[in-house]
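A closer look at the structure
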Amino acid sequence: MAMETILGIKGPDFVMLASDTMQAKSLIFMKDDQSKIHRLSDFSMMATVGDGGDTLQFTDYISKNLHLYKIANGYHLSPRAAAHFTRKNLADYIRTNTRYQVAMLLAGYDVVEGPDLHYIDSFGAAQSINHAGHGWGSIFCGSILQRYWHQKLTQAEAVSILKKCVAEIQKRLIINQRNWDVFVVDRSGMRQMESINPASLSFDVLSLNW
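Residues numbered from 1 in each chain as written. Predicted model: local features only at pLDDT ≥ 70, side-chain atom pairs only at ≥ 80, totals over all residues. Heavy atoms only, no water.

Considering helix 1 (residues 52–73)
Defined as follows: In this description a helix means any DSSP run of H or I spanning at least four residues, a strand means any run of E spanning at least two, and both kinds are numbered starting from the N terminus. In a helix, the anticipated span is given by 1.5 Å times the number of residues less one. Only protein chains enter the accessibility calculation, which uses a 1.4 Å probe. A residue is then buried if its area is under 20% of the maximum for its type, exposed if over 50%, and partly exposed in between. As used here, the arc belongs to the directions running from the helix axis to the C-beta atoms. Between two residues, a contact is recorded if the distance between any of their heavy atoms is within 4.5 Å.
With 22 residues, helix 1 should cover 32 Å at 1.5 Å per step; its first-to-last C-alpha distance of 32 Å lies within 8% of that length. Burial in helix 1 covers these residues: Asp54, Thr55, Phe58, Thr59, Ile62, Ser63 and Leu66. Angularly, the buried residues of helix 1 cover 145° about the axis, an arc narrow enough to put them on a single face. For helix 1, the exposed residues lying more than 90 degrees away from the buried face are Leu68, Ile71 and Ala72. In this fold, the buried residues of helix 1 make contact with strand 5 (37–41), strand 6 (44–50), helix 2 (79–94) and strand 7 (102–110). Just past helix 1, the residue Gly74 takes up positive phi, approximately 90°.

This is the structure we're talking about:
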């Protein structure tokens, strides 16, 4: 399981992704400003964890192929189609000598299909889901996401849930994941939101009311 953590949560008209910005190799801390959320198109994005070289190379490969599809056909693939394309490529590489050690969350918005969040593991298994996570930190977030997610979730509520998850990770995980990037995609496109860090976590956010 990856030392990094990525989280995703879907609302009725948006999808939000969050990732820590730590980059480490084995027990060595490398830097604290590595974004793990990558833009695929104006209305889709991907968060990845795994081997550092594999995540960058595979994400770049998927992004360039999706852009090529846009040039050839005049429109972007929907998030669901992009997730299937990504899953198939990852599964195909398992049967070669260049297997990618990558797990990801693919999020996007389509005017016809609406928001979509796909959980894709390193073996190429994919599932459309309302909330998910990868990495060590996600172990502590499943119950929080399950408790606070609901079908009429707003973006403000989604940010609050992510802050609760980050607070729990910082409290219980020995790995120091102090800074988090947050991105959202909706009918207006993909954009970055305010980062989550120790200074942004208030007492109200830290309290978990079950």
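Remarks on the sheet that holds strand 11 (residues 180–186)
In plain terms, the rule: By this definition, two strands are paired if DSSP reports at least two bridges between them. In this description, a line fitted to the C-alpha atoms serves as the axis of each element, helices being fitted only across the stretch in contact, and the angle between N-to-C directions of two axes falls anywhere from 0 to 180 degrees.
Strand order across the open sheet formed by five strands is 10-1-2-11-12, with antiparallel pairing between neighbours. Two strands lie at the open edges of the sheet, namely strand 10 (131–135) and strand 12 (189–192), each paired on one side alone. Adjacent strand axes in the sheet meet at a mean angle of 15°, parallel and antiparallel pairs treated alike. Bridge count for strand 2 (residues 14–20) against strand 11 is seven bridges, and the pairing is antiparallel. Across the sheet, Val15 pairs through a bridge with Val185, a residue of strand 11. Contacting strand 1 (5–10), strand 2, strand 11 and strand 12, helix 4 (residues 155–172) crosses the sheet at an angle of about 20° to strand 2.

Regarding the pattern of salt bridges
Cut-off, in case you're wondering: What makes a salt bridge here is a side-chain nitrogen of Lys or Arg within 4 Å of a carboxyl oxygen of Asp or Glu, nothing more.
Under the criterion given, the structure shown has seven salt bridges. Note that Asp20 and Lys36 form a salt bridge whose closest N and O atoms lie 3.3 Å from each other. Taken together, the residues span a long stretch of sequence, with Asp20 in strand 2 and Lys36 in the loop between strand 4 (28–31) and strand 5 at a distance of 16 residues. Residue classification places Lys36 among the buried positions, given a relative accessible area of 6%. A salt bridge links Asp42 to Arg39; its shortest N-O distance comes to 2.2 Å. The partly exposed category is assigned to Asp42, whose relative accessible area is 40%. Judged by its relative accessible area of 47%, Arg39 is partly exposed.

A closer look at the side chain of Asp110
Convention followed: For this analysis, a polar contact is any N or O atom pair within 3.5 Å, provided that within protein one partner can donate a hydrogen and the other can accept it, and provided that sequence-adjacent residues contribute only side-chain to side-chain pairs.
With respect to the element layout, Asp110 can be found in strand 7. A polar contact is formed between the side chain of Asp110 and the backbone nitrogen of Val112, at a distance of 2.9 Å. Setting aside its immediate chain neighbours within four residues, Asp110 contacts Ser78 and Pro79.

Overview of the nonpolar core
For the record, the criterion: Nonpolar cores are built from buried Ala, Val, Leu, Ile, Met, Phe, Trp, Tyr and Cys residues. Side-chain atoms within 4.5 Å join them into one set.
In this structure, Ile9, Met16, Ile161, Leu162, Cys165, Trp180 and Ile196 are the most contacted members of the largest nonpolar core, which totals 27 residues. Ranked by residues supplied to this core, first place goes to helix 4 with eight residues. Beyond its immediate stretch of four places on either side in the chain, Met16 contacts Leu7, Gly8, Ile9, Gln155, Ala158, Val159, Leu162, Val182, Phe183, Val184 and Met193. Residues Met45, Ala103, Ala107 and Tyr109 belong to the second largest nonpolar core, which totals 16 residues.

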